[in-house]
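Architecture and fold: a report
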Amino acid sequence: KDGVGTDGDSSSITKGQADSAIQSGTEKPLSKNQLKKRRRYEKAMEVKKRRKEQEKEAKRAKAIADGRDLDEERRLQAEREKSGEGHKRREELWLKRMKTADTSFKICIDCSFESEMQRKEIGSLAQQIRYCYSANKRSKNPVYFSVSSLSGETHKQLSNVAGFPDQWVGRAFDCSEKSLLEMHTDKSKLVYLTADSENILDHLDDSKTYIIGGIVDRNRLKGITIAKAKELGLETAKLPIGSYLEMFSTKVLTCNHMFEILLKYRENDNDWKKAMLDVLPSRKDIKEKDSDVKTTGSTEVIPTKVES
């Protein structure tokens, strides 16, 4: 979800911007709308801080109840970091998990739609790419993850993230301003995922790279991803969500939801339903369909758009 203070219009303001305006004394007084947004932002930050403190305390209490010596653990962690042992251990674990990546499917996000999006939507897309990277890094079975046509404002926002792109590259990540077909030249191995496709994705082919359209458009640009796929002459497919679930709220998914469903499908032994239930947020009001009933169409979702 987009946070307060990230709007692209002139009425948006963050707490820092508001404070700067007040201190300088040279800016125009804040409007009622800006003041309301500032108060909402401050309240949201207070709630977030309080929630983090509660979660931290709950984890600490559980650790103590389990008989763990937290002070000793912190001491050992500091020693490992100082000696480099911690880094070495993380690298060994990562390489162990990456063993299956060479024989697994790959995922690419196509960022060629930036010119069609507003600044706020571009910010949402950059955040979703970060979520995808994090999900892949945590996954039991990470895959090779690439982003094509990454330039302009999307690249600028990601460049503000610590470690991007140099440290990301060490975690099965690749990005380029090159187009999709310049990065992935073999069309026969590409499948563009779009809800407008007539082809239902029954299983994931380990020889394929699955393309997620990097677009956040608030339902303004319907059909743009399948149009792009046809223009490039690529195979298309859609997730079989309508075959397993009924969704009574918004039926649109973010790029990272789409990405995580593909990861979870493999983690859950090729079980689409479990993958979807693991990823989709409870607020989407989901109902499982009977196991012997499979339908498609009306409940299929648009995989590359942000929630309303």
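Owing to the predicted nature of the structure, the values given are computational and were not obtained by experimental measurement.

As a further point, take the pairing of strand β1 (residues 106-110). Summarising burial for β1: 4 of the 5 residues are buried, a large majority. Sheet analysis places β1 next to strand β5 (residues 209-213), joined by 5 bridges and oriented parallel. Among the inter-strand pairings, Cys108 is bridged to a residue of β5, identified as Ile211. Relative to strand β2 (residues 145-148), β1 is paired through 4 bridges, and the arrangement is parallel. Across the sheet, Asp110 pairs through a bridge with Ser148, a residue of β2. Once the chain exits β1 it traverses helix α5 (residues 119-138) before rejoining the sheet at β2, and the crossover so formed is right-handed.

Moving on, we come to the pattern of salt bridges. According to the stated counting rule, one finds 12 salt bridges in the structure shown. Between Asp110 and Lys228 there is a salt bridge, and its shortest N-O distance comes to 3.2 Å. Taken together, the residues span a long stretch of sequence, with Asp110 in strand β1 and Lys228 in helix α9 (residues 224-232) at a distance of 118 residues. Take Asp110: its relative accessible area is 0%, and that puts it in the buried class. For Lys228, a relative accessible area of 16% gives the class buried. Asp206 is the partner of Arg266 in a salt bridge, and the nearest nitrogen-oxygen pair spans 2.8 Å. Here Asp206 lies in the loop between β4 (190-193) and β5 and Arg266 lies in helix α11 (residues 255-267), a separation of 60 residues in the sequence. For Asp206, a relative accessible area of 33% translates into the label partly exposed.

With 20 residues, α5 should reach 28 Å at 1.5 Å per residue; the first-to-last C-alpha distance of 29 Å fits that figure. For α5, the set of buried residues is Glu121, Ile122, Ser124, Leu125, Ala126, Gln128, Ile129, Cys132, Tyr133, Ala135 and Asn136.

This next bit is on the sheet that holds strand β6 (residues 235-237). Overall, parallel pairing links the 6 strands, which are arranged β3-β2-β1-β5-β4-β6 in an open sheet. Looking along the sheet, the strands with just one partner apiece sit at the ends: β3 (173-175) and β6. Each strand axis lies, on average, 25° off the axis of its neighbour in the sheet, ignoring direction. Inspection of the sheet shows β4 paired to β6 by 3 bridges, in the parallel sense. In the sheet register, Tyr192 faces β6, and the bridge partner there is Thr236. Against the sheet, α11 engages β1, β2, β4 and β5, with an angle of about 160° to β5.

Next up on the list: the nonpolar core. Note that soluble globular proteins tend to have their nonpolar side chains buried in a common cluster. Core analysis: the largest hydrophobic core is formed by 59 residues, its most contacted members being Ile129, Phe145, Leu193, Ile261, Leu262 and Trp272. With sequence-adjacent residues up to four places away left out, Trp272 is seen in contact with Leu201, Asp202, His203, Leu204, Leu239, Pro240, Tyr244, Ile261, Leu262 and Tyr265.

As a packed pair, α5 and α11 sit with axes 8 Å apart at the nearest point and diverge in direction by 20°. In terms of their interaxial angle, α5 and α11 are classed as roughly parallel. Along this stretch, α5 crosses α11, giving a crossing that reads as right-handed. In contact with Leu125, Gln128, Tyr131, Cys132, Ala135 and Asn136 of α5, α11 contributes Cys255, Asn256, Phe259, Glu260 and Leu263. Partitioned by chemical class, the residues of the contact of α5 with α11 number 7 nonpolar, 3 polar and 1 charged.

Reading guide: rules and limits
- Residues numbered from 1 in each chain as written.
- Predicted model: local features only at pLDDT ≥ 70, side-chain atom pairs only at ≥ 80, totals over all residues.
- Heavy atoms only, no water.
- Buried < 20%, exposed > 50% of the residue type's maximum accessible area, 1.4 Å probe, protein only.
- Helix = DSSP H or I, 4+ residues; strand = E, 2+ residues; numbered from the N terminus.
- Pairing = 2+ DSSP bridges.
- Right-handed = clockwise from strand over helix to strand, strands pointing away.
- Salt bridge = Lys/Arg side-chain N within 4 Å of Asp/Glu carboxyl O.
- Expected span 1.5 Å × (residues − 1).
- Axes fitted to C-alpha atoms, helices over the stretch in contact; angles between N-to-C directions.
- Contact = heavy atoms within 4.5 Å.
- Core = buried A, V, L, I, M, F, W, Y, C linked by side-chain atoms within 4.5 Å.
- Parallel < 35°, antiparallel > 145°, perpendicular 65-115°, else oblique.
- Left-handed = near helix turned anticlockwise from the far one by under 90°.
- Nonpolar A, V, L, I, M, F, W, Y, C, P; charged D, E, K, R; others polar.

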